[in-house]
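Overview (structure and organization)
Single-letter residue listing:
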Amino acid sequence: MKNLMNFKGMLLFAFLSFFALSCEDDKEAEAMEEMIASSNIVETAQQTEILSSLVGALLKADENDDSDLVGTLSGEGPFTVFAPTDEAFTALLESLDGFNSLEDFDSEEEKALLATILKYHVVAGVAAASTDLTEGQEIETVQGENVIISLEGGVFIGDATDTDAQVALPDVNTSNGIVHVINKVLLPQAVIDALSSDAEDSNTLVDLVVATDALSVLEAAVLKADLAGTLSGEGPFTVFAPTDDAFVALLDALGDDYNSLDDFDTDEEIALLTNILLYHVIPAQVLEADLAEGEVGTALMDNSIEVIAANETFVIGDASDTNANITGTDFIASNGVAHTIDKVLLPQEAIDFVASLQLKNIVEIAVETDDLSLLVDALTAANAGLVETLSGEGPFTVFAPTNQAFIDLLGVLGDDYNSLADFDTQEELDLLVKILTYHVVAGTAAFSTDLSDGMMIPTVNGADVTVSLDGGVFIQDASDSDAQVVMPDVEASNGVVHVINKVLLPQEAIDFVASLQLKNIVEIAVETDDLSLLVDALTAANAGLVETLSGEGPFTVFAPTNQAFIDLLGVLGDDYNSLADFDTQEELDLLVKILTYHVVAGTAAFSTDLSDGMMIPTVNGADVTVSLDGGVFIQDASDSDAQVVMPDVEASNGVVHVINKVLLPQEAIDFVASLQLKNIVEIAVETDDLSLLVDALTAANAGLVETLSGEGPFTVFAPTNQAFIDLLGVLGDDYNSLADFDTQEELDLLVKILTYHVVAGTAAFSTDLSDGMMIPTVNGADVTVSLDGGVFIQDASDSDAQVVMPDVEASNGVVHVINKVLLPQEAIDFVTDLQSTDIVELAQSVDNLSLLVDALVQADAGLVEVLKGDGPFTVFAPTNQAFADLLHALGDNYNSLADFDTAAEKELLASILTYHVVAGAAVASGDLYDHQELGTVQGESLFAILNHGVFIRDKTHVDAEVIGADNEASNGIVHIINKVLIPQEVIDALH
């Protein structure tokens, strides 16, 4: 401890500090005027040699955890800083006894004092240039005290001493403020007071505690509670100072969660610690000689301690049962006196806090109470976080039903509920949560003395319970039976529990119990003889309607009687003798539409809810209309209304109104009408002049008969028999009848021709057609309408088809008979291709490619068929000599292509051959460019090499030369080469 100051007395300043600043390296003072605008105040000081002591002081002050002067002065600012030179700091240190360098500021108190000095040099919120300063101007510093400006003979800064500092270098601009270099360290009054040579005058109670080893925990407590400033104040105070052992004893009493003062880490705990300490302070000086029996008020408002005489001395009584012994007296300080004691004094709130630590929370109480075991099971089964919530802070008030109360509830619920485990659906678990939260009040611990008669208490459920104090304490729920509190006021650490003899039931639970007695809509229908056909219809529809109408709802169902369904079957005709005759998917879909037309979702509309003219949307999507003229009638899309013959049959999931007619939506009416019409195929079959069209549809074997017998709608342009005969004539001698379309390619073409006559999605009558109208067909290509001198259909050829019989209506569309088969572009191309040769045929016609043809056949991989297909392909065709060279290279086991006779060898041969084929393009030699990559069907690539000729490079070291380029075929192009191309796959296999 240095002689000229008592730094222990500066602890108050350390705890009242609220600002932080700092700095780092140093530089030449001469560079200060050239400092670029991007340097902040700290960087400027670091780069200025004559400010190195200032930088060191900032860093030294920042060694305290609560100081960050460097960070602050590196911040946005703006700031004005009066920066003492190194000589100014040297002069300050020389004036202080025991301080030879900044390193001698080595205690927290001394570093805090240094920070106070430094903050007296900083003005925040303004960058004040020397030209902004005025004579006598007072400027408030970050430290809190003012400096005074004097402009007589220069610029001087006045502090709390008699000597002003002169500005030696003004207006050093930085990025976050301005610096004025001064020749003296400024000292505020607070520092001067601290540096008073009269150590005893500044030796406060805080200094006394800090200086006493046996009071180190008290020192830490004072700091943690932020009372250093208070106890360093004027006073006078008397402090009963607990020793370290006294604090250890307190921590032991608090339990395992309190091992040191660091465990007082919440706001609540720190506030408690503060009040405990204030309970040790008397706001007057009471020496040992002044002690007298009686109560003495403390600095903790409304809390007194008691001085008790004991064996010619005194002990101190607090709110506990244990008194504190005085172990030392009359430790005099500048602002009062301290007496040491062997126990921490506890006010009532501390006693309550200790007691609360012994309390269990609400869940722990329930777990440890045998008669609340079913409540615990319910909380766990609900799995809604209630266990965690009621183990939390609270406070809560819980009305806790006994085990018998839960048993009584299960009895009310019926045979399906024998234990809480029977709450196993999500709906039941949600209900259990609603019941349990109806027993919990959040935000208050309401003891029985807090309850009043008629009091309504909001629960976590959202609904209220009501208190009745008539003959005891009763809790009223939504039922007619009250719960009695049989054990009130079980205090918990997070609230209070009142044990009750009945499970409280919110309205949801009462509604649930009532619903258990009702049957659902399907169950009602099943048990009603006159609705058996409705049940059969729901089952036959197989669309989940049984499950839906057994579900939650609510639904309103208009339920037709058996006779109503019999009447419907009569209307449908001879093909419908029972509901089993709804056996096609179309008929089942219609049945679903009819049934859903009887169902209203989302409401249970009783007859009293219906009004005349009311339109009600059904699950079908269409509305029904209510008529109350002479009864209750339901109007559908037909001309005949259904009468409600039995209204308001209540179900657990809605209401049923029995009606005497099946309600028909528009789809059903249209269906009945369609039963009188034949479909497009039936019309064609029954029309002699369309027999070849029927043959063509059948021969195509592409599902067109089934399609055109389906729902549609379709528009079909139907060629006459003569039109098909004319087509066969165009195709030539190989096509004498439709049976000559016998290859897959020809059948595919026939499908394209036929689908070119079909328009899907619309039934376009002749009145719907307009001149120039382009109509997309199922083929994908359009036909065009011409109304010039009649109705004509234009295809891809030069000859139009005339409609010779328009508007033949079908159940699934319309037929227009035409005098010509419409030809899409594919058919025209086919006719053209009949005159040309494909790649295989080309190879077969060239003697020097016979071994290539043999190889294609020998590979037995469908390559012949592929290369006869549409293409386009580019084929590099090896000559016979190229194949001979390959066989020679393969060795004595391969004398001919017939030696590729195993499956593996054939597969290898196929890999070689597909390596010669490029699919998707017919690439002429003129289209090739040097090093062009060509992807093959085999998967590996070839490369074109254009070097004094056209060469093809494979995976060997020898390129193949194109010796016969650009041989055109109907489906591609062939380049004859002098070498068989070998892919890497084959090279690897041969190795």
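Residues numbered from 1 in each chain as written. Predicted model: local features only at pLDDT ≥ 70, side-chain atom pairs only at ≥ 80, totals over all residues. Heavy atoms only, no water.

An unreviewed UniProt entry lists the chain under the name FAS1 domain-containing protein, with Croceivirga thetidis as the source organism.

Description of the overall build of the chain
Scanning the chain from N- to C-terminus turns up 37 helices and 42 strands. Its C-alpha atoms give the chain a radius of gyration of 52 Å, more than 25% over the compact-globule value 30 Å for 991 residues. Residues counted as buried form 47% of the 991 residues belonging to the chain. For the chain, contacts bridging at least 24 residues in sequence account for 64% of all contacts bridging at least 6. Carbon together with sulfur atoms contributes 49% to the accessible area of the chain, which is approximately 46000 Å² in total. (Helix = DSSP H or I, 4+ residues; strand = E, 2+ residues; numbered from the N terminus. Rg over C-alpha atoms; globule rule 2.2 N^0.38 Å. Buried < 20%, exposed > 50% of the residue type's maximum accessible area, 1.4 Å probe, protein only. Contact = heavy atoms within 4.5 Å. Areas by Shrake-Rupley, 256 points an atom, 1.4 Å probe, with all protein chains shown as cover.)

Brief notes about unusual backbone geometry
Put simply, Gly235 and Pro236 share a cis peptide bond, and its omega is 5°. The omega angle of the peptide bond from Gly553 to Pro554 is 5°, so this bond is cis rather than trans. With respect to the element layout, Pro554 can be found in the loop between α22 (545–549) and β22 (555–560). Unlike most non-glycine residues, Asp226 shows phi in positive territory, near 60°. Mapped onto the fold, Asp226 is located in the loop between α9 (216–224) and α10 (228–231). Given a relative accessible area of 45%, Asp226 falls into the partly exposed group.

As for the pattern of salt bridges
A full pass over the atoms with the stated rule returns 15 salt bridges. Between Lys519 and Glu527 there is a salt bridge; the shortest N-O distance is 3.5 Å. The exposure class assigned to Glu527 is exposed, which follows from its relative accessible area of 53%. Arg953 is the salt-bridge partner of Asp959, the closest N and O atoms lying 3.0 Å from each other. (Salt bridge = Lys/Arg side-chain N within 4 Å of Asp/Glu carboxyl O.)

Some remarks on the environment of Ala333
Following the sequence through the fold, Ala333 ends up in strand β13 (residues 324–333). Overall, the relative accessible area of 10% leaves Ala333 in the buried class. The spatial distance from the C-alpha of Ala333 to the C-alpha of Gln404 is 68 Å, given a sequence separation of 71 residues. Beyond its immediate chain neighbours, meaning those up to four positions away, Ala333 contacts Asn203, Thr204, Leu205 and Leu208.

A short note on the sheet that holds strand β15 (residues 396–401)
The sheet built from seven strands is open, its strands ordered β16-β15-β21-β20-β19-β18-β17 with mixed pairing. Single-partner strands in this sheet number two, and they are β16 (440–442) and β17 (456–458). The average undirected angle you get between the axes of adjacent strands in this sheet is 30°. In terms of strand pairing, β15 meets β16 through three bridges, oriented antiparallel. Residue pairing for β16: Val398 is matched across the bridge by Val440. (Pairing = 2+ DSSP bridges. Axes fitted to C-alpha atoms, helices over the stretch in contact; angles between N-to-C directions.)

What about the packing of helix α33 (residues 850–859) against helix α36 (residues 903–914)?
Between α33 and α36, the shortest axis-to-axis distance is 9 Å and the interhelical angle comes to 130°. Taken together, the axes of α33 and α36 lie oblique to each other. Read as a crossing pair, α33 and α36 show a hand that is left-handed. Touching Leu852, Ala855, Leu856, Gln858 and Ala859 of α33 are Lys906, Leu909, Ala910 and Leu913, all from α36. (Parallel < 35°, antiparallel > 145°, perpendicular 65-115°, else oblique. Left-handed = near helix turned anticlockwise from the far one by under 90°.)

Quick word on the sheet that holds strand β5 (residues 156–158)
Pairing in this open sheet of seven strands is mixed, and the strands run β2-β1-β7-β6-β5-β4-β3 from one edge to the other. A strand with exactly one partner marks an edge of an open sheet, and here the two such strands are β2 (122–124) and β3 (138–140). Sheet twist, expressed as the mean angle between neighbouring strand axes with direction ignored, is 30°. Taken together, the three bridges between β3 and strand β4 (residues 146–150) define a ladder with antiparallel strand orientation. In the sheet register, Glu140 faces β4, and the bridge partner there is Asn146.

Describing the UniProt feature "domain: FAS1" (unreviewed entry) in the chain
According to UniProt, the feature "domain: FAS1" (unreviewed entry) maps to residues 38–186, 202–345, 359–504, 518–663, 677–822 and 836–981 in the numbering used here. End C-alpha to end C-alpha, residues 38–186 measures 28 Å, and it is 29% helix and 24% strand. The span residues 677–822 is 31% helical and 25% strand by assignment, and the distance between its end C-alpha atoms comes to 27 Å. (UniProt positions renumbered as here; feature names shortened; annotations may be inferred.)

Details of the nonpolar core
Leu218, Phe240, Leu277, Ile316 and Leu345 are the most contacted members of the largest nonpolar core, which totals 50 residues. Those residues in contact with Leu345, other than ones at most four positions away along the chain, are Phe240, Ile276, Tyr279, His280, Ile305, Ile316, Asp318 and Ala324. (Core = buried A, V, L, I, M, F, W, Y, C linked by side-chain atoms within 4.5 Å.)

A look at the pairing of strand β21 (residues 495–500)
Extensive coverage of β21 is indicated by the burial of six of its six residues. Burial of the side chains of β21 extends over both faces: Gly495, Val497 and Val499 are buried on one face and Val496, His498 and Ile500 on the other. Here strand β20 (residues 483–492) runs beside β21; their pairing, made up of five bridges, is antiparallel. Each residue of the ladder has a partner; that of Val485, found in β21, is Ile500. Counted along the chain from β20 to the antiparallel partner β21, the turn is two residues long.

Let's talk about the packing of helix α21 (residues 532–541) against helix α23 (residues 562–572)
Two elements in contact, α21 and α23, have axes whose closest approach is 7 Å; the angle formed by their N-to-C orientations is 60°. On the basis of their axis angle, the class for α21 and α23 is oblique. Contact residues: α21 offers Ser532, Leu533, Leu534 and Ala537, while α23 offers Asn562, Phe565 and Ile566. Residue classes in the contact of α21 with α23 are distributed as five nonpolar, two polar and no charged. (Nonpolar A, V, L, I, M, F, W, Y, C, P; charged D, E, K, R; others polar.)

Looking at the pairing of strand β35 (residues 813–818)
Here β35 lies mainly inside the structure; six of its six residues are buried. Burial of β35 is two-sided: the residues Gly813, Val815 and Val817 facing one way and the residues Val814, His816 and Ile818 facing the other way are all buried. With six bridges connecting them, strand β29 (residues 714–719) and β35 associate as parallel partners. Bridging across to β35, Val716 finds its partner in Val815. As defined by bridge partners, strand β34 (residues 801–810) adjoins β35 across five bridges and the pair is classed as antiparallel.

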